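Overview (structure and organization)
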Amino acid sequence: MNQKVKQLLEGKGNNHILPFLWVHGEEEAVLREYMGAVEASGIGAVCVESRPHPDYCGPQWWHDMDIILDEAKKRDMKVWILDDSHFPTGYANGALKDAPAELCRQYVYYSSVEVVGPMKSAQMDVAAHSKYVRNPFAPASPFSMGQGKERRQFDDDRLLSVCAARIDQGYDASTLVDLTDLVKDGQLVWDIPAGKWMISVNFLTRNAGSRENYINMIDKRSARTQIEAVYEPHYARYKEEFGKTIAGFFSDEPELGNGQMYSHDNAIGADQDLPWSDELEEQLKLRLGEGWRVKLPLLWMNGSYPEEAARMRYVYMDIVTRLVEEDFSKAIGSWCEERGVMYIGHLIEDNNSHARLGSSLGHFFRGLSGQHMSGIDDIGGQVMPGGEVYPKKALISGRDGEFYHYMLGKLGSSYGAIDPQKKGRTMCEIFGAYGWGEGVRMMKYLVDHFLVRGVNEYVPHAFSCKAYPDPDCPPHFYANGHDPQFRHFGVLMRYLNRMCELISDGIRVTPAAILYHAEAEWAGDYMLSQKPARVLLENQIDFDILPTDVFAEVERYRTALGKELKVNGQTYKVLVVPYSQYITQAAVKAVAELKALGFPVIFINSLPEGIVDGDGGLLKELAGCQVVALEELAGALKAMEVPEISLDKEYPMLRYLHYREESELFLFTNEDITQTFQGAVRIPCKARVYAYDAWSNELRAVEAKQEGEATVVSVELPPYQSLVLLFDEAEGAEVKPAAAFNEVLTLGEGWRMSLAKAIEYPNFREEQAISSFDNVGLKYPEFSGIIRYENTVELPEVKKAELRIEDAFEGVEVFINDKSLGIQVVQPFAFDLSGHIKAGANKLRIEVATTLERERYHAPIPGDFMARFSKAPVLGSTGIVGEVTLAIQR
């Protein structure tokens with residue numbers, strides 16, 4: 001029998017959850033109370049969130065941390081620490097406020113004028129054009145935490161170059177000319193040739209960017225400030241706890257910080273300031289030669305000779321992301337490793353930002369290179385039930401549902417699988433800023449969404465120690481005892497821990513690989529990786545996203561090319577390359593070698609036109625590679641027998657995960673929120689199969705038959721539900737047979753209803769008789785809490801009985817004769833009463849816990865920007881909606 005399942009059945013298992021614990025300088029009793037609340041939820045760790053604390057790394061912080069660590073040791077819990085006093089990571093606890101200018105962020109930008117020649121001895125005031133002037137009409141961001149009212153002004157703006165190019169029919173890169181040597185005393189004098197020209201003044205400044213007083217991620221000395229200001233003070237105070245109670249540090253959304261704050265359009269080529277450093281300048285000289293300055297306009301300008309711009313932009317982005325990797329991510333990761341702790345976190349991935357500058361780090365894989373888990377986050381309505389395409393708006397901007405549903409989770413779990421340092425671990429920060437209307441039903445959907453994509457570590461957002469209601473990015477678990485669903489949340493967290501344990505320490509079986517699109521986006525026209533990802537997921541073909549780096553750094557990623565492509569033990573049957581105008585030399589060489597070995601590589605729509613970092617002649621090696629249209633991709637993969645599993649009918653919303661450790665495990669989820677999946681699933685395993693119910697922690701029998709070397713399993717999977725199948729023997733464990741009933745009784749009469757807020761429970765009020773189960777919110781529009789339904793049911797002698805509740809909002813607990821039969825949070829609400837009922841009168845009690853949305857909906861909202869996420873735009877139902885029935889077997 002699978003040893004992990006055996007341990008789980010015995011109530012054992014590791015912790016995989018580390019929720020944010022928001023501290024604001026509360027009293028000792030409150031901190032200890034909240035540590036107890038976390039433990040009561042079945043969680044064995046916290047990540048102390050420092051953003052709202054008034055005295056990070058000061059006396060109050062150390063006082064509070066002493067208390068938290070003391071409670072953690074008493075409760076055998078682990079503590080993680082968020083690594084800055086302000087969001088996002090990189091503020092270095094204010095260390096840059098008065099630091100020397102050379103440690104502060106620097107940017108390259110340009111000013112341009114268009115002129116018509118010929119014109120003899122034309123004069124231009126270059127000095128005036130090489131100073132950065134901030135737009136006084138630009139709106140301030142609500143996220144500008146840690147920023148002063150008046151920005152620090154630097155006086156070291158510096159001219160880099162003055163260039164000109166013809167623009168008669170678009171920007172003509174072949175006519176670029178360097179005019180820098182013609183500048184004397186800040187004045188350019190130039191005999192302008194005939195035609196239309198653009199003169200670009202390229203200069204450096206520290207006065208641009210979206211934030212001040214943040215470290216420069218591409219400057220080794222500046223990035224080191226983060227360690228000196230945050231990491232080392234914690235080590236000095238808690239050295240003995242490192243690697244024991246203190247598990248590690250968490251970086252939250254570090255960024256390059258150029259351009260507009262929280263724009264998702266900070267792609268190279270956009271009209272924006274760009275990150276700069278002395279290290280970057282030296283690398284540009286090495287890779288582009290002494291004429292590098294004349295090519296600077298190509299970072300912004302598009303026109304003829306696109307291969308020149310492609311190469312310039314690729315080289316720039318490649319250098320930037322490598323410097324982020326070395327100067328920031330790996331530097332912190334190495335520091336942590338040397339002291340026995342881990343480094344985790346995530347960057348901003350939102351709406352494809354993961355391959356862009358600005359609010360992210362330019363390259364998902366390089367930005368997280370030094371971390372010991374892969375990391376992503378899902379907040380503010382990004383992943384939503386039914387949200388594969390709509391809505392188009394989320395937290396603070398537009399929403400690309402295709403990215404969130406088909407790319408985000410797989411992007412994270414891919415890195416966890418292919419990087420040896422991450423040991424198969426992928427973390428997701430989850431639940432935050434969905435509003436008070438987010439309850440355990442939504443949370444169950446969200447964790448299943450990421451579990452089936454291979455995510456196995458979670459940071460729930462958040463336990464806030466601030467007095468309820470804290471308007472900052474709710475919901476908040478426990479909420480000083482005001483959370484009606486707190487016990488239900490605890491059941492969900494125990495389920496989540498069990499599921500994570502099942503998909504840790506082994507191998508995800510992913511038959512396909514999709515090439516990461518970052519380099520293609522930097523260089524020219526491209527296809528987002530989620531386009532083929534969607535096709536594969538909707539056809540039950542699992543995959544990993546692979547960066548080109550796996551072909552350039554074969555030792556690090558343990559890459560092996562052969563009849564199969566192997567990366568760190570992951571084995572792939574096919575490589576899918578989304579359309580890219582340009583490709584890297586490492587990718588071309590790898591594809592050519594794979595093709596020669598008989599390994600299939602599929603290019604979508606067309607082959608690349610050029611190579612951004614090498615000899616274009618190598619493109620001939622791609623001749624003969626298979627090219628298919630995106631809409632034909634699924635058929636091509638099926639013809640090559642790439643899929644592992646097959647269904648007896650098409651069902652695009654069924655997701656699966658194949659995990660291999662001691663035995664073969666298959667996890668299925670139904671992401672259609674209205675339809676139940678009913679069908680036969682053919683699985684390539686020949687062994688006894690049973691189901692593991694991680695919610696109830698029980699084994700269950702399944703209907704299956706052998707067909708050759710495969711097993712066909714009959715599956716019925718309602719919305720919001722998951723199914724774990726294990727191909728293994730179940731010696732020594734009880735496997736519950738499928739229930740069969742021959743009569744259904746409707747329990748429509750004799751019900752009494754009463755109400756209690758969470759802080760009043762179990763003292764109920766407003767008791768009343770009801771004749772039907774309707775939305776309680778229509779009668780009590782401001783009520784949030786627990787709704788109790790009571791009845792006395794006369795029953796005959798029965799062998800088996802199951803209580804069924806058509807629907808309820810949200811968390812349901814059933815009591816029969818005062819004994820709890822457990823908690824459920826999603827449909828179908830079915831409770832096994834067998835062995836708990838008797839012939840004659842039985843006391844039946846159903847308690848339904850609501851969210852806090854109605855209570856908060858009618859309360860005043862403070863002026864804080866973040867408070868807008870407190871209020872639900874549409875109010876959902878509360879209580880039982882529909883029929884309550886009893887299925888029996890006499």
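Just so it is clear, the structure is predicted and the values come from calculations on it, not from any experiment.

1. Section: the overall build of the chain
Tallying secondary structure elements over the chain gives 18 helices and 50 strands in all. On C-alpha atoms alone, the chain measures out to a radius of gyration of 30 Å, which is about the 29 Å that the 2.2 N^0.38 rule sets for 890 residues. For the chain, the spread of C-alpha atoms along the principal axes amounts to about 105 × 65 × 50 Å. Burial status across the chain gives 62% buried among its 890 residues. The contacts of the chain with a sequence gap of at least 6 include a subset with a gap of at least 24, amounting to 80%. Surface accessibility of the chain: about 32800 Å² in total, with carbon and sulfur atoms responsible for 48%. Of note, the chain has its 92 positive side-chain charges centred 2 Å away from the centre of its 129 negative side-chain charges.

2. Observations concerning the packing of aromatic side chains
Evaluated as defined, the whole model comprises 40 aromatic pairs. When the ring of Tyr34 is compared with that of Tyr478, the centres are 5.1 Å apart and the planes differ by 80 degrees; the resulting orientation is edge-to-face. Residue Tyr34 is located in helix H2 (residues 28-40), and its partner Tyr478 is located in the loop between strand E17 (463-464) and helix H11 (486-502); the two are separated by 444 residues in the primary sequence. For the pair Tyr34 and Tyr478, one class covers both residues: buried. Centroid distance Tyr56 to Trp61: 4.7 Å. Interplanar angle 65 degrees. Geometry classified as edge-to-face. As far as the burial class goes, Tyr56 and Trp61 line up, both buried. Taken together, Tyr109, Tyr110, Tyr132, Phe203 and Trp300 form an aromatic cluster joined through their ring pairs. Taking the ring centre of Phe543 as reference, the NZ or CZ of Lys410 above it sits at 5.1 Å.

3. Topic: the pattern of salt bridges
Applying the stated rule across the entire model yields 64 salt bridges. Each of the salt bridges in this network shares a partner with another, and the network as a whole consists of Arg287, Asp318, Arg322, Glu325, Arg366, Asp419, Lys422, Glu519, Asp549, Glu553 and Arg556.

4. Some points on the side chain of Asn351
Note that Asn351 resides in the loop between strand E13 (342-346) and helix H8 (364-367). Reaching out from Asn351, the side chain makes a polar contact with the backbone nitrogen of Asp400 at a distance of 3.0 Å.

5. Observations regarding the environment of Ile507
Inspection of the secondary structure assignment puts Ile507 in strand E18 (residues 507-508). Here Ile507 is in contact with Gly569, Gln570, His658, Tyr659 and Arg660, once residues within four sequence places are set aside.

6. Describing the state of the cysteines
Covalently bonding the sulfur atom of one cysteine to the sulfur atom of another cysteine gives a disulfide. Tallying each qualifying case throughout the model produces zero disulfides. Cys473 takes part in no disulfide bond, and the closest cysteine sulfur to it belongs to Cys47, at a distance of 15 Å.

7. Concerning the sheet that holds strand E39 (residues 743-746)
In spatial order, the strands read E39-E50-E43-E47; together these four strands make up an open sheet with antiparallel pairing. Only two strands of the sheet have a single neighbouring strand rather than two, namely E39 and strand E47 (829-832). Strand-to-strand, the axes of this sheet are offset by a mean angle of 25 degrees, without reference to chain direction. Where strand E43 (residues 800-805) meets strand E50 (residues 884-889), six bridges bridge the pair, whose relative direction is antiparallel. By the bridge assignment, Ala801 is partnered in E50 with Ile888.

8. Quick word on the packing of helix H6 (residues 278-288) against helix H7 (residues 306-338)
With their axes 10 Å apart at the nearest point, H6 and H7 run at an angle of 135 degrees to one another. In terms of orientation, H6 and H7 fall into the oblique class. Handedness of the H6/H7 crossing: right-handed. The segment H6 lies against H7, with Glu279, Leu280, Gln283, Leu284, Arg287 and Leu288 engaging Arg311, Met312, Tyr314, Val315, Tyr316, Asp318, Ile319, Val320, Leu323 and Asp327. Of the residues belonging to the contact of H6 with H7, the class tally is 10 nonpolar, one polar and five charged.

9. Observations concerning the pairing of strand E2 (residues 45-49)
Across the five residues of E2, five count as buried, placing the element largely inside the fold. Burial along E2 is two-sided: the residues Ala45, Cys47 and Glu49 and Val46 and Val48 are all buried. Taken together, the three bridges between strand E1 (residues 20-22) and E2 define a ladder with parallel strand orientation. Bridged to Trp22 within E2 is Glu49. Crossover handedness for the path E1 to H2 to E2: right-handed. Taking the sense of rotation as the criterion, the β-α-β connection linking E2, helix H3 (residues 59-75) and strand E3 (residues 78-82) turns out right-handed.

Rules of the game
Residues numbered from 1 in each chain as written. Predicted model: local features only at pLDDT ≥ 70, side-chain atom pairs only at ≥ 80, totals over all residues. Heavy atoms only, no water. Helix = DSSP H or I, 4+ residues; strand = E, 2+ residues; numbered from the N terminus. Rg over C-alpha atoms; globule rule 2.2 N^0.38 Å. Buried < 20%, exposed > 50% of the residue type's maximum accessible area, 1.4 Å probe, protein only. Contact = heavy atoms within 4.5 Å. Areas by Shrake-Rupley, 256 points an atom, 1.4 Å probe, with all protein chains shown as cover. Lys, Arg positive; Asp, Glu negative; His and termini not counted. Charge placed at Lys NZ, Arg CZ, Asp CG, Glu CD. Phe/Tyr/Trp six-rings, centres within 6.5 Å; stacked < 30°, edge-to-face > 60°. Lys NZ or Arg CZ within 6 Å of the ring centre and 35° of its normal. Salt bridge = Lys/Arg side-chain N within 4 Å of Asp/Glu carboxyl O. Polar contact = N/O pair within 3.5 Å; in protein donor to acceptor, adjacent residues only side chain to side chain. Disulfide = S-S within 2.5 Å. Pairing = 2+ DSSP bridges. Axes fitted to C-alpha atoms, helices over the stretch in contact; angles between N-to-C directions. Parallel < 35°, antiparallel > 145°, perpendicular 65-115°, else oblique. Left-handed = near helix turned anticlockwise from the far one by under 90°. Nonpolar A, V, L, I, M, F, W, Y, C, P; charged D, E, K, R; others polar. Right-handed = clockwise from strand over helix to strand, strands pointing away.

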